[in-house]
Amino acid sequence: MLSALILAALVKLNLAIEKPVVPAGIFTVAAFILGILLEHPFLAVAIGAAINFGLSFLFFWLLKRTEGQGSWWAVLIGGLLVFIGLSFVR
C-alpha cells in the first residue's frame, strides 16, 4: 500500500512538472531503497528497479499525454491497479 501512497504524491508532482522521468526516477529510487531495507536479494531488487522504472515512466508519460481528457482517469486507475498488483507479488 505504501507504493500507492507514493504514486499518488508523484501523480500530483507529475501534474506540476513537464518531465515524466522525474517522478519515475523518484518512484524507482524509493522502491529500490525499500527493497534493500526489507532485505530482499540484491539482484531481485536491481531487476525490480529496472522494471519499476520502465513501467512508471510509461505510466507518468501516459498521464501527461492524456492530461485534460477523460482517458486520464482510465490511465490513472489502471496504473494504480498495476502497481498495487505488483506490490502483492513481492
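About the cut-offs
Residues numbered from 1 in each chain as written. Predicted model: local features only at pLDDT ≥ 70, side-chain atom pairs only at ≥ 80, totals over all residues. Heavy atoms only, no water. Helix = DSSP H or I, 4+ residues; strand = E, 2+ residues; numbered from the N terminus. Rg over C-alpha atoms; globule rule 2.2 N^0.38 Å. Buried < 20%, exposed > 50% of the residue type's maximum accessible area, 1.4 Å probe, protein only. Contact = heavy atoms within 4.5 Å. Areas by Shrake-Rupley, 256 points an atom, 1.4 Å probe, with all protein chains shown as cover. Phe/Tyr/Trp six-rings, centres within 6.5 Å; stacked < 30°, edge-to-face > 60°.

Caption draft 1: Representation of the overall build of the protein chain within the structure. For the protein chain, the helix and strand inventory stands at four helices and zero strands. When the helices and strands of the protein chain are placed in sequence order, the string is α-α-α-α. For 90 residues, the compact-globule estimate of 2.2 N^0.38 gives 12 Å, and the protein chain sits close to it at 13 Å. Dimensions of the protein chain, computed from C-alpha atoms along their principal axes, come out at roughly 40 × 20 × 20 Å. Residues classed as buried in the protein chain amount to 31% of the 90 residues present. Long-range pairs, those at least 24 residues apart, make up 62% of the contacts in the protein chain between residues at least 6 apart in sequence. For the protein chain, the accessible surface area stands at approximately 5600 Å², while carbon and sulfur atoms represent 77% of it.

Caption draft 2: Geometry of the packing of aromatic side chains. Tallied over the full model, the rule gives six aromatic pairs. Here the aromatic rings of Phe-27 and Phe-83 are separated by 5.2 Å at their centres, their planes lie at 70 degrees, and the arrangement is edge-to-face. Note that Phe-27 is positioned in helix α2 (residues 21–37) and Phe-83 in helix α4 (residues 71–89), a separation of 56 residues in sequence. By relative accessible area, which is 4% here, Phe-83 ends up buried. Three or more aromatic residues joined by ring pairs make a cluster, and in this case those are Phe-27, Phe-59, Phe-60 and Phe-83.

Read these as spatial facts, not as claims about activity.
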